[in-house]
Each structure stands twice: as structure tokens, then as C-alpha cells.
Amino acid sequence: MRLLKIVPDNTNIGFVALRRWAFGLTLFLSIGAVVLVGVRGLNFGVDFVGGLMIEAKFDHQAPLDDVRTKIDSLDVGEAQLQQFGDAQTVSIRLPLPASTDEGANNALVNKVEGALKAQYPTVVFNQVQAVGGKVSSELIRNGAIAVFLAIFGIALFGIFRFEWQFGVATFVSILHDVLMTFGFFALLRNYLEFDLNIVAAVLTIIGYSINDKIVIDDRIRENLRKYRQMPIGELIDLSVNETLPRTVMTSLTIILALASLLIFGGHVLRGFTAAMILGVIVGTYSSIYVSSSLLITLGIDKSRFKQMNQAVDKKKAARERAERIAPKP
Amino acid sequence: MLDFPRWKIASIIGVLLVGILLAIPSLMPESTARSIGLSWAPRINLGLDLAGGSHILLEADTADVAKMRLSTMEDTIRSEMRKESPQIQIGDISTANGALTFFVRDSSQLDAAVDKVRTLTAPVGSTGQRDWNVQVVDSTRIVMTPTQGGIDQFVDQAMTGAVDIVRKRIDALGTKEPTIVRQGTDRILVEVPGFSDPAELKALIGKTAKLEFKLVDTTADLAKAAAGQVPIGDEVLKMQTGAPIVVQRQAIITGTDLKRAQQSYDENNLASVAIDFNSRGARAFAETTQVNVGKPFAIILDDVVLSAPTIQTAILGGSASISGSFTPQSAQALAISLQSGALPIALKTVEERTVGPGLGADSIHAGVIASTIAVVAVIVFMFVTYGRFGVYANMAVIINVFVILGAMALLNATLTLPGIAGFVLTIGTAVDANVLINERIREERRRGRGVVQSVEMGYKEASRTIFEANVTHAIAAFIMLILGSGPVKGFAVVLLLGIATSVFTAVLFTRMMVALWLRRARPQAIHI
């Protein structure tokens, strides 16, 4: 049987030569994403803005207009109707009642549910969420802290484990990945809600993207030791090409797994999975085109590696000498 | 590389077997597990988003605490100053602006008053601070301000009590495995799986249920009292209709003297709550009613007068009935609340999430289908790419799924819907380790190394990369575990466990399989 090789053996693609184009594209996309988020905004779920969400499932196609009129007639604030799942399910969003009274949320939920139940006796309420203003601002804060901690924590790891240039390059490309995800959610705000689960997706994207970059960085470091005379551009190209089969293979496997989740996993997870698939794609792009090429721009210090190599050589020589003096039994 | 001692093989297989065995009870319905005698075995909990149920976050009303402490202190000061001999005359007592101030009529008694007041304050922990600040203003007026330390200490103690009471009330519902935990300084998280009526739940835990019986002051001028001129020793409360009523401050009996409360029906066949007092309560009630026949007394719940019946005859039996436009459900909820005791602090709902059991079942169904398809797709893909080495990787992936489940069962972890996504993702990333190894073996073969040496180099070189990649991945997962809430935490748990177990299965297990094969077959060339 012939085995499948997605990436042919011994590729020699000049990624580094393309770096100015790649940086331009990355910058353009990142700015685009920021603008999109600024202009269109994100469709925040109740987790982050507070309010009520009631997901109602009808035994026939959801009568959207009728539901809207019904709720408007209750005078409970402006209702937003959205359909994330099938045609029978509708999610109704309402702002939190102005009163801070403990029973207010609940009374509102009961009012809406009662009105719908009276009209459609077979309606089922799949989900109810009511989040107060204080809790939602805490959730936003925790989410933001988590994302920043993750990016910085991992960049720090990169600096300690490798060199500062690796940490900075990784930081920049991950920032790009995160911005892309935000831009994606701003673009598709009519279809995807940005809630607590998406923060988890963003953190996972960060984790995955790092994973990808570490593998390449690791190879660059290895090659820096192996080929001491090779120019840095050539060396990075070699490293990226050597790891290319693995990068593509892993991304494809994960996308394969996630695609099945996107298609068959139900509507609750749809935004989460969509974010993750996008993250894998942009993460792979930034690993190949951005983070490693950025090392050249940042001017990776080969002399540091030379010192490290000399230290390693010395140790090796000392060990060999010791073995010569006292041969192992 | 080929050197794989027997003890190593045995321990790898042993660990994996234990993991798989631990997973088995969670894969069967609970009733089946019980019927074959596995009810002792650890199981994975299903999160609320999968099992259906209610999640409610309660927050203590701390503004209320300061107010409550002021009014309690006001009562204490009044009675303590009266008890002094000679009695200390005070007046113009006020609790405005968050401080208790009063005037000492005889300035020669000021020092005695201050000394007395100081004995009523208590130290806060070992901070050196006291729970009240006492100051003298204009040499006649004493100002008492509750300190933040005192309030915090009070809230802390009250919350500990509140958690117990909330637990008692929810246990009375008889639902399965509710979670009641304190969060931070002033919050309680309540999660009740399989219970999808948050209204009932909130009626049960939201009520303070402070019950008091007080005599009505029929001599008081209602209009004057409502305007703020309340006779000394009295207070103005509201009836359920909103009408004011003047009652004595001193309660005849309170909910702490309660022995039993249960839902019942009154003489008009309306839902009510029947209560029995303990002997102390019964004695106090009997004594008061004996001397007050013909006068009304007020039954007060959470500072609202439910009813004010007239005492027809001395009540000696120590039992009473509370009625006041109840439904059988609300009477039942009140009975449970009274029985469990009053909450030492008022709680309000700040977050509520409910998932219907139907959606949960749909989600599990969809999750299982999606995971199965994901596993099959990955397996096929790995096989066509790496042949025999792909098969080993696939075995590792399948075992890994079971081992994660087993580890989750052992830790009594909760599987949430994002957790299922975590599973699917773990399948993808677990394979990554094998991809790294196999690609490295391919590379080493291309460089012309021998079979055994290529495999050895592949594992050795890739292991370092795998370790580094997993550490960074774990950092992200760990942050999620700490800062995430509910479902996100569930995702992080699966991710973290997956990272740990996948290193074991994808590296150690496949390496063992490959070594055993190489030793047995001694191939001259490998197909990878």
C-alpha cells in the first residue's frame, strides 16, 4: 500500500523571501479586524452584557413575527430574536429589568414564558439565562484577564526557554490570531454570539497556535546548533520546510475532528467550533509565514547560540576526557 | 530502543488497564451500574448543560447588613442603658448616615455611658480593630460607627450559616446531588441537576424566613406613628396589603424557638403552615397570651405582618397556624424555609441559568455522534498516512479516550458540553504527538539512517518538542481552569487531563508497541 503524503518530501519553499508580503497582509488583516470590531461590534451574549435569554422550541416552524409582537405587547423592553439552531428554535434576548429587585428577573421570565405558553401550548423552554449587570462585568473582566494572562504567560515561557526574539515573535503572531478571531465574530455577528464559551475557544486557539510555533522554534534552535555557518534566512526556511509535513498534517487532523463537531455537534457548540476552526487556520498561517520570519526582522542573535554551543562543546569534551581517563567498565 | 524490560511493559499496560476499567461505570446508565453492583465505582458527573438543571448565584445584601447591625445596636443600647444603675438617660437616638448617634442627658453620666458602650463592642479577629468605633462629639453625644472589619466579620459568619441553611432547604426538595458552595466573600453558588424550575428553587432559597410573633400596640395613634412619631418600644410595620400597623419591638417568640413547620390547611380549607414551638417558645407564648386575652398579636414574616389575629384564649399547646394567601406550593416552600431556620443575611439572585432536560439530552446525543465521527475520520486519516505506525497511533488515541474518561471518573470531574468539544480537540492534539514522531522517523530515514536508529531518533528528538508544546498548551488550559466558570472549567479539565494522558499514550505506549514489533519482526525497511 502506498502511504499518503500530503506534503511531498524535501520541500524547499522560500517562505522567508515572502515575508514582506506576509507582514503586509498580516498587518492589513489585523487592522481590518480591529476596524470591523470597532464598526460592527461584537454580538455579546447575556454573559457579558447582562440580561435575559430564553430559548424556546416550537413543534413547528417558529412564528418569529408573532413571537415578536407578543413580547413587544408585554412592554418588557426591546426583544431581540435570533435563530442559531434549527427553524423550530428561537432565542429571545431581553435587557435586564431596571429594578434591582431580586424577583424582577424571575417575574420577567415568567411573564414571557406565560404569554408564549398561552398562545402556543406545546412550546418548550430549552434554556433560560439571566445574568445581572455586576456578574456580567465580572465575567468580562475575568475573560479579558484570562486572555492576556495566557498570551503573556506563554510569551514569557518562550523567552525563558528560547530567546527573547522567540517570545516577541510568538506574542505578535498570537495577537494576530486573536484579533482575527474577534474580527471573524464581528463579521458574522448576525450568526454568531460572543459568549463565555468563545473566550474558552480563544484561549484554546492561543494554546494551539503556540503549540505550532514551539514546534518550529524548536527546530530552528536545533538547526542553529547543527548548521553553524548557514545564513539565518536559509536556516529558517529549512526549519519551516522540515516541519511543514507535521504542521499541515496536524492542522488537517484537528480541522477534520472539529468539522465533525461543527456539523454534527448541535447548535449550542456551533460558535465555539467555528471559532476554533478559524483559529487553527490562522494559527497555521501565522506559524509558517509570520512568527519564524519575524525572527529575522527582530535580529536573532546567533552569537548567543555560539556561546551556548561552545558551552555544550566544552561539557562534551570534558565528559569525553573524563571517560578516557576512567574508561567505563 | 528495543530494550523494553518486562516490568516496564507490565506497568504501562497495567496503568492503561486501570484507566480503562475506571471509565467503564461512567459509560453505562446509572441504573445498570447499580444493578450489577458497581454503585460504589466513581462516575463522571454530567454538567448542568448536559443533564439539565438550574444554576443560581446568590449574593448577600451587604448594604442590608450595615442597616441591620445599626438597628440591632439601637435596641441593645436602649435596653442596656436602662439596665444601668443609676439608669442612664439617653435621647435623640438616630441611625441616619450609617452611624448610631445618641445624646446623654446628664453630662456627668457620659463617662459611664462611654464605658458601657465600649463593652458592647467586640474585637475583630486578631487585627486589633473593633467592630464599632465609639466617639464622643460635643461632650454630650456618642457616635457609634460600624467598622468595615466588623461588617466583614459579620458577613463572613453570616455566610457560613447561610450556606448551611440553603443546603438544608434544598435537601428538603429531595433532588439528587445538589452543589451548594460559597464563592468569594459574599456569594453562594447553587447548582441543582435535573431540576428545571428555578422559580420554585428561588422561592425556597431567596426567602430569609425570619418569623416573629409580636403584640400589636392598640393604644398607639396609627396616623402619628406612620408620620414618624412612634411610641417608645414600638415599631411600625406593614401588612401584606401595605397598610401600616404598630407593634411592640420585643418579640414574644421568634423562629429560633420553632420545633417543626409543615404545610397544612386552615379551617377555611386554605393552604397554611402549621408550626410547633419548642418548650421554651411554648412557655413564652402561653405566658404572653394568658395576660393579653382580647388583644391582637401580629405574625410577622420577614418584616411583613401576615396576619394579626386577636387572642381568644390563652394558647397553651405551643402550636400555631400561619395563613395568608398561600398556595399549597408556597406554603410548602415556607414550611421548609421556617424549618431550616432564618437566613442570617438577605440573599438576592444575581445570575441564573437553566437548561431543560430535552436540550441536555439533544446535546449529549449530538456530542456522541460528533465525537464518534471525529474519531473515525482521524483514524482513517492516520492509517492512510502512516500505515502500521498510524495503527499504533490510533490504538493510542482510542485508549486515551478511555483513560481520560477514567481519570475524570476518579477525580469525580464534571463533563460539560464544551468538555465534549475538549475531547474532540484532545483527539486531534493527541495525534499531533504521533505526527511529530512519525514525521521525524520519516526524516531520519530519508537521511539514510537505519530502521532502529531512525525510530530511536524519531522518539528522542520529538519527545523534547512534544514536552515543550504541551507545557505551553497546559498553561492556557490552566488559566481557563482558574478563571473560567462552569462549562468552561469543564472544558479546561478535559484539556488538561488530555494533555497529561496523551503524553503517556501517544509517546510511551506507541513506543512500546513499535519496540515490540521491531524486536519480533526485525524489518530491514519500514513503510512510513
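What counts and what doesn't
- The residue numbers shown here count from 1 along each chain, following its written sequence.
- Whichever chain is written first is A, and whichever ligand is written first is 1; the rest continue in order.
- Only residues with pLDDT of at least 70 get local features here, since the model is predicted, and only at 80 or more are side-chain atom pairs given and counted; chain-wide, interface and lining totals rely on the full set of residues.
- We treat two strands as partners when DSSP finds at least two bridges between them.
- Each helix is a run of H or I in the DSSP string that is no shorter than four residues. Each strand is a run of E no shorter than two, and both are numbered from the N terminus.
- Fitting a line to C-alpha atoms yields each axis, with helices limited to the stretch in contact; the angle taken between N-to-C directions then spans 0 to 180 degrees.
- Reported domain spans reflect what an automatic or database domain assignment gives.
- Every C-beta atom is placed from the backbone, and the number of other C-beta atoms within 10 Å of a residue's own sets its class: buried at 20 or more, exposed at 12 or fewer, partly exposed in between.
- Any two residues are considered in contact once their C-beta atoms, placed from the backbone, lie within 7 Å.

K.L.:
Would you mind going over the sheet that holds strand S3 (residues 89–94) of chain A with me for this structure?
P.N.:
Read from one edge to the other, the open sheet built from eight strands follows the order S2(A)-S3(A)-S1(A)-S4(A)-S17(B)-S2(B)-S8(B)-S7(B), with strand pairing classed as antiparallel. Of all strands in the sheet, those with a lone pairing partner are strand S2 (80–82) of chain A together with strand S7 (179–183) of chain B, marking the two edges. Averaged over all pairs of adjacent strands, the angle between their axes in this sheet comes to 20°, without regard to strand direction. Of the strand pairs in this sheet, strand S2 (residues 53–60) of chain B and strand S17 (residues 347–355) of chain B are connected by eight bridges, and their pairing is antiparallel. Paired with glycine 53 of chain B across the two strands is valine 355 of chain B, which belongs to S17 of chain B.

K.L.:
What's the story with the domain arrangement of chain B in this structure? I'm lost.
P.N.:
Where the parts come together, the accessible area they lose is often given as the size of the interface. With domains assigned, chain B is organised as domain 1 (6–52 + 356–521) and domain 2 (62–152). Computed from C-alpha atoms alone, the centre-to-centre distance between domain 1 of chain B and domain 2 of chain B is 64 Å.

K.L.:
What's the story with the pairing of strand S9 (residues 211–216) of chain B in this structure? I'm lost.
P.N.:
Residue and element names in this part refer to chain B. Buried residues dominate S9, accounting for six of its six residues. Two strands pair when backbone bridges link them, and S9 and strand S14 (residues 297–301) are joined in this way by five bridges, in the antiparallel orientation. Residue pairing in the sheet places lysine 214 in a bridge with alanine 298 of S14. In terms of strand pairing, S9 meets strand S11 (residues 244–254) through four bridges, oriented antiparallel. The partner of valine 216 across the bridge, within S11, is valine 247.

K.L.:
It is not clear to me how the sheet that holds strand S12 (residues 258–265) of chain B should be interpreted in this structure. Could you clarify?
P.N.:
Pairing between the strands of a sheet is mediated by backbone hydrogen bonds and can be parallel or antiparallel. All names here are of chain B. Pairing is antiparallel in the open sheet, where three strands are placed in the order S12-S13-S16. Two strands in the sheet have a free side with no partner beyond their single neighbour: S12 and strand S16 (319–322). Averaged over all pairs of adjacent strands, the angle between strand axes in this sheet comes to 25°, irrespective of strand direction. Here four bridges tie strand S13 (residues 271–277) to S16, and the two strands are oriented antiparallel to one another. Bridged to alanine 274 within S16 is serine 321. Helix H10 (residues 328–340) contacts S12 and S13 of the sheet and is inclined by roughly 175° relative to S12.

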